[in-house]
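An overview of the molecular structure
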Amino acid sequence: MSVIEERTGGLCERDRRRLDDLYDRLRRERELFIGYPCTACFDYTPLLRFLAFPSNNVGDPFTESNYHLNTHEFERDVLHEFMDLTAAPRDASWGYITNGGTEGNLYGMFLARELLPDGIVYYSEDTHYSVNKILRCLHIRNIMIKSRPDGSIDLDDLRETLRIHRDVPPIVFANIGTTMKGAIDDLEGIGEILSDLAIARHYIHADAALHGMILPWVDRPQPWNFAAGIDSIAISGHKFIGTPFPCGVVLARKGHVERIARSIDYIGSLDTTLSGSRSGIAAVFLWYALRTVGRAGFRERTGHCLEVADHAIDRLDAIGRTPWRHENSPIVVFDRPPPSITTKWQIAVHGQIAHVITMPHVTCAHVDRLVADLAAAKLAEARA
Amino acid sequence: MSTPLQQISVVSEARPNVIAELIEALAASEINIETLDSQTFGGTVVAILTVDCYDDALRALAVAGFPAVGEDALLVRVDDRPGALATLARRFHQANIPLHSVRIVRRAEGWGVVALSTPRTEEALALVRDELIA
């Protein structure tokens, strides 16, 4: 069936029904959405009027653009807030709003490759699969490092690998919360290895897609940000903050970015961003979320997520699913359940493990319903 | 003109019926397997296939949850100990063979299966002949 019809005008009855069906399906599935790191509770209704404009943040958010229907001013406010949260000095840092974590990671690796063209990227086994695509796109040499059973990078393997390649500048892709286990790579340990081996030229990028908006709000965060020596970081906007579309933030040391800056005549902007057209609405939505939830709200939200995670551990443990989680992570790992459960509850699996992620919209009631389903599935299996 | 057969390696947990599951996954996508060899070590099985529809087969295997490696990569076996990959990479460096990527495909019971990619495949094959799986 062709989507573009000969006639013009409004939707026919069939089309309206189709949209209604889609709306109902999304609303239904949201109630069972506990396996992926995206917040499903937000209300951007006061911003709907901004959907009437073809806003576009093309170019560098810190430079004037000929495209005046932009929201660069709000984008800069968001970036400054993220700089504060990641201990990035405002006058020595730069960034932009991306279309998600992968673009942020792509930007970090692009910057690293431009600065260290002969470098080798080191990343752990537990790194998100999209990083392989990025490394292929950028054609950077790379070596995968073993992970520990808890999902963090194996520092012994990293040390031995760096020792052998100490003549080549390392680019470390560090996970600040792995996708499956929520493991945070030991940045202090990585720094010690680089120091012990006297490797002065190096680059560290942090993938903090989810945990980059959790660690600012906990009492004892693991080292994770610019204070821990990173050179760039990617954080998602649609994950912990929550937006109805994917978006994110990438930040980097300004000195690095200035070394690769290029002037683009067409838009009259000194542009170092990867995307051409960029969402103007994402900047306004993120700004609105930061302003309305506020610091106290994010602290409370984080506390709620970790409390529900502990509740999940108690309940899953009671039915023998060997659950565990990392400190400061809402990712609860447990024994892989049968397909009927993973499909219904949209639970991601890897090998023999699965996880639930207690995002802000997930409650103890959700967890209890999942545990009841797991118990029922076990009973049915025993009877079969 | 017929399309030359292309090789795919599948690295998986050595569990009962895994080869049958793999064949079923390809059959369900109407892909013909021309040859199939397999070897098992530790807790890992490596199946080396040639198929008539290479891209479709890679897609079908991915959907079925089988980690597949295309023929542009070499698969080698290494000890599961710190620095084992680095040592392997160093051998390439010393032989002046550029190594583009080194990726762990699977680790189990003291062994690792590693995918290497290099633009000089023939020389690389000779260099790692002792550890070569596919």
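In case you missed it, the structure is sitting above this.
Analysis parameters
Residues numbered from 1 in each chain as written. Chains lettered and ligands numbered in written order. Predicted model: local features only at pLDDT ≥ 70, side-chain atom pairs only at ≥ 80, totals over all residues. Heavy atoms only, no water. Salt bridge = Lys/Arg side-chain N within 4 Å of Asp/Glu carboxyl O. Helix = DSSP H or I, 4+ residues; strand = E, 2+ residues; numbered from the N terminus. Buried < 20%, exposed > 50% of the residue type's maximum accessible area, 1.4 Å probe, protein only. Pairing = 2+ DSSP bridges. Axes fitted to C-alpha atoms, helices over the stretch in contact; angles between N-to-C directions. Contact = heavy atoms within 4.5 Å. Buried area = accessible area lost by both parts, 1.4 Å probe. Right-handed = clockwise from strand over helix to strand, strands pointing away. Phe/Tyr/Trp six-rings, centres within 6.5 Å; stacked < 30°, edge-to-face > 60°.

1. Description of the pattern of salt bridges
- The tally for this structure, following the rule as stated, stands at 23 salt bridges over all chains.
- Residues Glu160(A) and Arg163(A) are paired through a salt bridge, measuring 3.4 Å at the closest nitrogen-oxygen approach. With Glu160(A) and Arg163(A) both in helix α5 (residues 155-164) and three residues apart, the pair spans about one turn of that helix.
- With a relative accessible area of 37%, Arg163(A) lands in the partly exposed category.
- With a closest N to O distance of 3.4 Å, Arg220(A) and Glu327(A) form a salt bridge. One end of the pair, Arg220(A), is in the loop between β5 (203-207) and β6 (232-236); the other, Glu327(A), is in the loop between α8 (281-318) and β10 (331-335), and 107 residues separate them in sequence.
- Looking at Arg220(A), the relative accessible area reads 60%, which means it is exposed.
- One network of salt bridges, with partners in common, ties together Glu125(A), Lys146(A), Asp80(B) and Arg107(B).

2. Focus: the sheet that holds strand β1 (residues 93-98) of chain A
- Spatially, the 10 strands line up as an open sheet ordered β1(A)-β7(A)-β6(A)-β5(A)-β4(A)-β2(A)-β3(A)-β6(B)-β7(B)-β5(B), and their pairing is mixed. Looking at the sheet topology across the chains shown, the edges are occupied by β1 of chain A together with β5 (74-79) of chain B. Here the average twist between neighbouring strands, direction ignored, is 20 degrees.
- Where helix α2 (residues 72-85) of chain A meets the sheet, it contacts β1, β6 and β7 (248-253) of chain A, and its direction lies at approximately 120 degrees from that of β1(A).
- Set on the sheet, α5(A) makes contact with β2 (120-124), β3 (141-145) and β4 (170-175) of chain A; between it and β3(A) the angle comes to about 145 degrees.

3. With respect to the sheet that holds strand β1 (residues 6-13) of chain B
Residues and elements named next belong to chain B.
- Sheet architecture is open: four strands sit in the order β2-β3-β1-β4, paired in antiparallel fashion. Looking at the sheet topology across the chains shown, the edges are occupied by β2 (33-41) and β4 (68-69).
- Pairing of β2 with strand β3 (residues 44-51) involves eight bridges; the strand directions are antiparallel. From the neighbouring strand, Asp37 faces β3, where its bridge partner is Ile48.
- Along the sheet face, helix α1 (residues 18-28) touches β1, β2 and β3 and points at about 30 degrees away from the line of β3.
- Of the strands in this sheet, β1, β3 and β4 are in contact with helix α2 (residues 54-63), which crosses β1 at around 10 degrees.

4. Topic: the interface of chain A and chain B
- Chain A puts 21 residues into the contact, and the matching count from chain B is 20 residues.
- Both sides of the chain A and chain B interface together cover about 1,600 Å² of buried area, and 54% of this is carbon and sulfur.
- Three residues stand out in chain A for area buried against chain B, namely Met144(A), Lys146(A) and Ile164(A), and they jointly supply 34% of the buried area on that side.
- Remark: the boundary between chain A and chain B carries three salt bridges.

5. Examining the pairing of β2(A)
Residues and elements named next belong to chain A.
- Taken across its five residues, β2 has five buried, putting it largely inside the fold.
- Neither face of β2 is open: one carries Ile120, Tyr122 and Ser124, the other Val121 and Tyr123, and all of them are buried.
- Inspection of the sheet shows β2 paired to β3 by five bridges, in the parallel sense. When the bridges of β3 are listed, Ser124 appears paired with Ile145.
- In this view, the connection linking β2 to its parallel neighbour β3 by way of helix α4 (residues 130-138) has right-handed handedness.
- In this structure, β2 lies alongside β4, joined through four bridges in parallel fashion.

6. What about the packing of aromatic side chains?
Residue and element names in this part refer to chain A.
- Inspection of every chain in the model, using the stated rule, returns 11 aromatic pairs over all chains.
- Between the aromatic rings of Tyr44 and Tyr288, the centroid separation amounts to 5.9 Å while the plane-to-plane angle is 50 degrees, which identifies the pairing as tilted. Of this pair, Tyr44 sits in the loop between α1 (13-30) and α2 while Tyr288 sits in helix α8, placing them 244 residues apart in sequence. Like Tyr288, Tyr44 is buried.
- Their ring planes at 35 degrees and their centres at 5.8 Å tell us that Trp94 and Tyr107 sit as a pair that is tilted. Here the residue Trp94 occupies a position in strand β1, and Tyr107 occupies one in helix α3 (residues 101-115), the gap between them amounting to 13 residues.

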